[in-house]
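Examination of the molecular architecture
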Amino acid sequence: MRFLFSTRATVPDILDVEGKPLYLNQPFEPGKDHLVRAAPEGSGYVVALGETVYRALDAIIGLQDSGLHVNS
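The paragraphs below set out a description of the structure included in this document. Since the structure is predicted, the reported quantities are computational estimates derived from the model, not experimental observations.

What follows is about the overall build of the chain. Along the chain, the regular secondary structure elements total one helix and zero strands. Once the C-alpha set of the chain is aligned to its principal axes, its extents read approximately 35 × 35 × 25 Å. Among the 72 residues that make up the chain, the fraction classed as buried is 19%. Long-range contacts, defined here as pairs at least 24 residues apart, represent 59% of the contacts in the chain between residues at least 6 apart. For the chain, the accessible surface area stands at approximately 6100 Å², while carbon and sulfur atoms represent 57% of it.

A word on a nonpolar patch on the surface. There is a patch of nonpolar side chains on the surface, built from L35, Y45 and V47 and spanning about 390 Å² of accessible area. Tracing the backbone shows V47 in the segment before α1 (53-65).

Residue position: R37 is located in the segment before α1. There is no salt bridge for the buried R37, and the closest opposite charge comes from D16, which lies 6.4 Å off by N-O distance. In terms of polar contacts, R37 uses its side chain to reach the backbone carbonyl oxygen of L15, at 3.0 Å. The contacts of R37, once residues within four sequence positions are left out, are L15, D16, V17, L57, I61, Q64, V70, N71 and S72.

Glancing now at the environment of G50. Position of G50 relative to the elements: it lies in the segment before α1. G50 sits 39 residues away from V11 along the chain, and the two C-alpha atoms are 9.9 Å apart.

Further remarks concern the environment of Q64. When you line up the elements, Q64 lands in helix α1. According to the relative accessible area criterion, Q64 is partly exposed, its value standing at 23%. Between the C-alpha atom of Q64 and that of P12, which follows or precedes it by 52 residues, the distance is 20 Å.

Before going further, it helps to spend a moment on unusual backbone geometry. Within the chain, N25 stands out as a residue other than glycine whose phi angle is a positive 60°. Among the structural elements, N25 can be located in the segment before α1. N25 sits in the exposed class, given a relative accessible area of 75%.

Criteria and cut-off values
Residues numbered from 1 in each chain as written. Predicted model: local features only at pLDDT ≥ 70, side-chain atom pairs only at ≥ 80, totals over all residues. Heavy atoms only, no water. Helix = DSSP H or I, 4+ residues; strand = E, 2+ residues; numbered from the N terminus. Buried < 20%, exposed > 50% of the residue type's maximum accessible area, 1.4 Å probe, protein only. Contact = heavy atoms within 4.5 Å. Areas by Shrake-Rupley, 256 points an atom, 1.4 Å probe, with all protein chains shown as cover. Patch = residues over 30% accessible without salt bridge, like charges linked within 9 Å, V, L, I, M, F, W, Y side chains within 5 Å. Salt bridge = Lys/Arg side-chain N within 4 Å of Asp/Glu carboxyl O. Lys, Arg positive; Asp, Glu negative; His and termini not counted. Polar contact = N/O pair within 3.5 Å; in protein donor to acceptor, adjacent residues only side chain to side chain.

This is how it looks when you write it as structure tokens:
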């Protein structure tokens, strides 16, 4: 079962660790996944799609701040 949500509003840019736009100068490639944040091997993954990516990234940053590392 999958749930897709749409806010129909503007969403913030996804930034890399240095604070630069992650997808700057990268063309969209259908069927290709991108790793937004890397964590040590053996860590879990958070998979997000579309407008939920920035919310998932915010949750991952919060987890990393508390010492739990997750790939996204």
